[in-house]
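Observations on the model geometry
Each chain, letter by letter, is given below.
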Amino acid sequence: MTLYLYGVISTKSVETFGNIGFEGTTVVALPQGELAGVVGPAPKTGFRQNAREELIKLLLSHQQTLERVMKRFFVLPFRFGTTVADESELTRILGEKGSLLTDLIGKMKDAAEIDVVTTWEVPKILQEISEEDPEIAALKQKIAQGGGDRTHIGMLLADALKARGNQWRERI
């Protein structure tokens, strides 16, 4: 049976997390040495055949399952859509990559993920850019006088807006 691999945890024992997987399936941790793969049955429909809406539902289920497991263990998450053919493949992967996975868990277990969302007052930012950039200011004046290339100024503004976004990203 194809198993869906949510992630890896540090434990030597089998752990049962309940019916928290795709479509209410049971999720367990299957150990190999010091590590265990957090697995459950893969979705019946697979991933490639699904419409976008179904993929979003599966991604949400993946995330919710990881969050529930994280209430009890630190989880080194695997990429959405990762499957193994069966328990023997999982055992082989954990055996071959155990040292690397253990190192990654050690490095990441005290880390935190922070999502930052920002909004801009685009007209205000564009006005600031227009006033600060001499080339844009000159083109803006030409356009006001009936000349100039609106496409070129639009491209300059887009580039400047992207650069400003990158500056903020670096600061944050």
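In this report, the structure presented in the accompanying data block is examined. (Residues numbered from 1 in each chain as written. Predicted model: local features only at pLDDT ≥ 70, side-chain atom pairs only at ≥ 80, totals over all residues. Heavy atoms only, no water.)

**Examining the overall build of the protein**
What counts, and what does not: Helix numbers and strand numbers start at the N terminus; a helix is a DSSP run of H or I with at least 4 residues, a strand a run of E with at least 2. Radius of gyration here is computed from C-alpha atoms only, and the compact-globule reference equals 2.2 Å multiplied by the residue count raised to the power 0.38. Relative accessibility under 20% of the residue-type maximum defines a buried residue, over 50% an exposed one, and the middle range a partly exposed one, all with a 1.4 Å probe and only protein chains included. Throughout, a contact is declared for two residues whenever any of their heavy atoms are within 4.5 Å. Areas reported as accessible are Shrake-Rupley estimates using a 1.4 Å probe. Residue values count occlusion only from the protein chains shown. Counting rule applied: Lys, Arg positive; Asp, Glu negative; His and chain ends not counted. Note on charges: their place is set at NZ of Lys, CZ of Arg, CG of Asp or CD of Glu.
Regarding its fold elements, the protein presents 5 helices and 6 strands. For the protein, the α and β elements follow one another from N to C terminus as β-β-β-β-α-β-β-α-α-α-α. For the protein, the C-alpha radius of gyration of 25 Å lies well beyond 16 Å, the compact-globule estimate for 172 residues. Across its three principal directions, the C-alpha atoms of the protein cover 75 × 35 × 25 Å. Looking at the 172 residues of the protein, the share that counts as buried comes to 31%. Within the protein, counting contacts between residues at least 6 apart in sequence, those at least 24 apart form 62% of the total. Summed over its atoms, the accessible surface of the protein is roughly 11,600 Å², and 53% of this surface lies on carbon and sulfur atoms. In the protein, 21 side chains carry a positive charge and 23 a negative one; their mean positions are 1 Å apart.

**Some points on the pairing of strand E3 (residues 27-32)**
Operational definition: Strands were regarded as paired on the criterion that DSSP finds at least two bridges between them.
In this sheet, E3 lies alongside strand E2 (residues 15-18) in antiparallel orientation, the contact comprising 3 bridges. Across the sheet, residue Glu15 finds its bridge partner in E3, namely Ala29. Here 5 bridges tie E3 to strand E4 (residues 35-41), and the two strands are oriented antiparallel to one another. Looking at E4, one finds that Val28 is bridged to Val39.

**Re the packing of helix H3 (residues 122-132) against helix H4 (residues 134-144)**
Worth spelling out the cut-off: Note on definitions: angles span 0 to 180 degrees between N-to-C directions of axes, and those axes are lines fitted to C-alpha atoms, for helices only across the stretch in contact. We call two directions roughly parallel when the angle between them is under 35 degrees, roughly antiparallel when it is over 145, roughly perpendicular when it lies between 65 and 115, and oblique otherwise. Residue classes follow a fixed rule: Ala, Val, Leu, Ile, Met, Phe, Trp, Tyr, Cys and Pro count as nonpolar, while Asp, Glu, Lys and Arg count as charged, and any other residue, Gly among them, counts as polar.
Remark: H3 packs on H4, axes separated minimally by 5 Å, with the N-to-C direction vectors making an angle of 100°. Here H4 runs roughly perpendicular to H3, going by the angle between their axes. Counted together, Gln127, Ile129, Ser130 and Glu132 of H3 and Pro134, Ile136, Ala137 and Lys140 of H4 form the full contact between these two elements. For the contact of H3 with H4, the residue count by class is 4 nonpolar, 2 polar and 2 charged.

**Observations concerning the side chain of Arg164**
One can find Arg164 in helix H5 (residues 150-171). Apart from residues no more than four positions distant in its own chain, Arg164 is found in contact with Trp120, Ile125, Glu128, Ile129 and Glu132.

Bear in mind that shape data such as this cannot, by itself, settle questions of function.
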